[in-house]
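The primary structure of each chain is shown beneath.
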Amino acid sequence: FVTEHLFSAAQQNNQNQQNQNQQQKHDIFVGNLAFSTTEEQLIQAFSELGRLVKVRMVKDLETGKPRGFAFIEFEDPQAALSAIRNMNDYELNGRRIRVNFSNSSHLETLAGELGMDMSHANSQRQASRDAAAAKEDKSGTQAVAESLKTLTKGEMYDVVAKLK
């Protein structure tokens, strides 16, 4: 049993684009969700990265209760890849969520074609957090500079794009 939140206004205007890419969904898996997480909270957190097409929260067939994971479909593949890079290990409702490629997604292939090493981004984020924890006595400016040094070119682009 899956509940779906469909977006209509702007997405309906882009129906022609979606028809062309219909067999290629730009969807991602989001796991380790708190059972209290709502579709609206996912929409709020992920829509900052790009336009969403659909949010599907998976629920138990018998009880109707959330199973703790969802699938989010983006209009743009770059936004979906950005979500995987930037939202994995993000804290939402007291839980560190897991964001990854969905089984039905072509995004993993696309990331490879673009030369993006998505596993490297995850290990770099962890190294950045570890370095920040080890250097707690540094000033805020120094800590930010140290963290920025550990980012890949793609992650740095995402940071700069959000600052604009």
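Remember, it's a predicted structure, so these values are computed and weren't measured experimentally.

(A) Just the overall build of the chain, in detail. Scanning the chain for helices and strands turns up 8 helices and 7 strands. Out of the 164 residues in the chain, the part that is buried amounts to 37%. Once local pairs closer than 6 in sequence are excluded, the contacts in the chain between residues at least 24 apart make up 71%. Summed over all atoms, the accessible surface of the chain reaches about 10,000 Å², with 49% contributed by carbon and sulfur.

(B) Expanded view of the pairing of strand β4 (residues 66-74). Pairing of strand β2 (residues 26-31) with β4, which is carried by 5 bridges, proceeds in the antiparallel orientation. In the sheet register, His 26 faces β4, and the bridge partner there is Phe 74. Between the end of strand β3 (residues 52-59) and the start of β4, which pair antiparallel, lie 6 residues, with Gly 64 showing a positive phi angle near 80°.

(C) Broad picture of the pairing of β2. With respect to burial, β2 is a largely interior element, 5 of its 6 residues being buried. Sheet analysis places β2 next to strand β7 (residues 98-101), joined by 4 bridges and oriented antiparallel. Of the residues in β7, the one forming a bridge with Phe 29 is Asn 100.

(D) Representation of the confidence of the model for the chain in the model. In this model, the chain carries an average pLDDT of 77, and 67% of its residues clear a pLDDT of 70 or more. Here residues 16-22 is modelled with pLDDT under 50, and outside its nearest four sequence neighbours on either side it reaches 5 contacts, counting other chains as well.

(E) Geometry of the pattern of salt bridges. With the rule as written, the count across this model stands at 2 salt bridges. A salt bridge links Asp 27 to Arg 56; the shortest N-O distance between them is 3.4 Å. Linking Asp 27 in strand β2 with Arg 56 in strand β3, this pair joins segments that are 29 residues apart in sequence. Neither Asp 27 nor Arg 56 differs from the other in exposure class; each is buried. The salt bridge involving Arg 98 is made with Asp 89; its shortest N-O contact spans 3.0 Å.

(F) Spotlight on the packing of aromatic side chains. Enumeration according to the criterion identifies 3 aromatic pairs in this entry. Here Phe 29 and Phe 69 contribute two aromatic rings whose centre-to-centre distance is 5.8 Å and whose plane-to-plane angle is 35°, an arrangement assigned as tilted. Separated by 40 residues along the polypeptide, Phe 29 in strand β2 and Phe 69 in strand β4 bring together distant segments of the chain. Ring geometry for Phe 29 versus Phe 71: centroids 5.8 Å apart, planes at 65°, classification edge-to-face. Of the two residues, Phe 29 is situated in strand β2 and Phe 71 in strand β4; the sequence distance between them amounts to 42 residues. Judged by relative accessible area, which is 27%, Phe 29 ranks as partly exposed. These aromatic residues form a ring-pair network of at least three members: Phe 29, Phe 69 and Phe 71.

Rules used in this analysis
Residues numbered from 1 in each chain as written. Predicted model: local features only at pLDDT ≥ 70, side-chain atom pairs only at ≥ 80, totals over all residues. Heavy atoms only, no water. Helix = DSSP H or I, 4+ residues; strand = E, 2+ residues; numbered from the N terminus. Buried < 20%, exposed > 50% of the residue type's maximum accessible area, 1.4 Å probe, protein only. Contact = heavy atoms within 4.5 Å. Areas by Shrake-Rupley, 256 points an atom, 1.4 Å probe, with all protein chains shown as cover. Pairing = 2+ DSSP bridges. pLDDT = per-residue confidence, 0-100. Salt bridge = Lys/Arg side-chain N within 4 Å of Asp/Glu carboxyl O. Phe/Tyr/Trp six-rings, centres within 6.5 Å; stacked < 30°, edge-to-face > 60°.

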